[in-house]
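Structure assessment
Residues per chain are reported as follows:
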Amino acid sequence: MLPLLRSLWDEPRPARPPRRGRRDWALVGLLVALTVLEGVLRPDLPWRTVSVTLTVALVPTLLWRRSRPLPMVAIAFGSLSLAPLLTGGHSPETYTMVFLLLLPYSLFRWGAGREAVIGLAIILGRAFLSAVVDHPGLGDLIGGLAILFSAVALGLAFRYRARARRRELDHVKLLEREQLARDLHDTVAHHVSAMAIRAQAGIATSATRPSAATEALVLIESEASRALAEMRALVRVLRQDQPADLAPGQRIADLERLAGRARSGPSVDVEIHGDVDDLRPSVGTAIYRLAQESVTNALRHARHATRIEVRVSADDTSVRLRVSDDGDPSPVPAAPSQGYGLIGMAERADLHGGTCEAGPNPDRGWTVTAVLPRKGAAT
């Protein structure tokens, strides 16, 4: 019990409460007008002048109910406790005073834990004093406390609903950041690796084929243009604070762009079998990105490779991707050295309800295999 009370006492205030606006001023003006109207038209209003004056004086507390909830509760309910000194022991009552329920609501919606505890003690103290001075019936007392605690419960409900919503938004933002990071890695790594390989090939063959340098520059320019276009698409999403599309137009049909690499280095052969036209865009993009990353890894790490095969096959339930090269045999890398590429590929496949595995072939080279459901992850 003690840890629970300590946790309640240490509860911080919610961040960024709404600022005072035109609606607040309009509410105050309306309540003042209703109070004056009640004072004029209500014949049975006791201590008319004191009741109307006190109500009008307390209405402005609503303007600071979010930014300073505890002082407003103390001013309002403290004034009500002292008012019987001016009325001969009777509490002033106006129908308009129902607005005071907004103060305990705001206290538990926007106040810190210790403010809520202190404010509730002030409110209950005022209720006890009213019971002693005015002698209300048991039914009226229970009804008043029920209404009070309903306002408190409503404030707590909205408080924790907003907190849950904020946690959900933070989780969504984190997922978007992770997906954008994977997309950024795939885009940059693929195009930069291709540019580096072509530059190395141009340097190596420039002595015997002077035109090779020009060809390399042309290919590098093409890869740089594609990289810039995809980078701009990602940056546009971030700057405009829009939900990440994460699929800047890439589909399985775009895998043909990976085929027919430069004259130097391994060639890339792409084959697509089955119906891939009606795949979900997210699944098509995932297959494209997995293939792109696999080809990039093969270009960078497959020693003495002459050929990279990209095979996509689709049936009624799933899409299967297989990317293999014929490079020199190499040991399976240790888990800590896998880097973000293989981790990102596995995460991307898992997000779509599929699997992605990578490992060396029995004879030569390396193979990446991914299987994704046609309809993506089950919801």
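Residues numbered from 1 in each chain as written. Predicted model: local features only at pLDDT ≥ 70, side-chain atom pairs only at ≥ 80, totals over all residues. Heavy atoms only, no water.

1. Regarding the UniProt feature "transmembrane region" (unreviewed entry) in the protein
Here, the residues flagged by UniProt with the feature "transmembrane region" (unreviewed entry) are residues 141-158. Here residues 141-158 is 100% helix and 0% strand, with 26 Å between the C-alpha atoms at its ends. (UniProt positions renumbered as here; feature names shortened; annotations may be inferred. Helix = DSSP H or I, 4+ residues; strand = E, 2+ residues; numbered from the N terminus.)

2. What to know about the pattern of salt bridges
This structure, assessed with the given rule, holds 15 salt bridges. Ionic pairing is found between Arg374 and Asp278, a salt bridge with its closest N-O pair at 2.5 Å. With Arg374 in the segment after β5 (366-373) and Asp278 in the loop between β1 (267-273) and α9 (281-301), the pair connects residues that are 96 residues apart, well separated along the chain. Judged by its relative accessible area of 13%, Arg374 falls in the buried class. (Salt bridge = Lys/Arg side-chain N within 4 Å of Asp/Glu carboxyl O. Buried < 20%, exposed > 50% of the residue type's maximum accessible area, 1.4 Å probe, protein only.)

3. A word on the nonpolar core
In this structure, Ile252, Leu255, Ile287, Val295, Val310, Leu321 and Leu372 are the most contacted members of the largest nonpolar core, which totals 32 residues. For this core, the element with the highest residue contribution is α9, accounting for nine residues. Non-local contacts of Val295, meaning those with residues more than four positions away in its chain, are made with Leu258, Val268, Ile308, Val310 and Val323. Judged by nonpolar contacts, the second largest core, of 24 residues, contains Leu62, Met72, Ala76 and Met97. (Core = buried A, V, L, I, M, F, W, Y, C linked by side-chain atoms within 4.5 Å. Contact = heavy atoms within 4.5 Å.)

4. Here's the deal with helix α2 (residues 22-41)
A rise of 1.5 Å per residue sets the reference length of α2, with its 20 residues, at 28 Å; its end C-alpha atoms lie 28 Å apart and thus fit the reference within 8%. What α2 keeps buried is the set Asp24, Val28, Leu31, Thr35, Glu38 and Gly39. Viewed end-on, α2 has its buried residues packed into an arc of 95 degrees, placing them on one side of the element. Opposite the buried face of α2, by more than 90 degrees, sit the exposed residues Arg22, Arg23, Trp25, Ala26, Val40 and Leu41. In this structure, the buried residues of α2 make contact with α3 (48-58). (Expected span 1.5 Å × (residues − 1). Arc of directions from axis to C-beta.)

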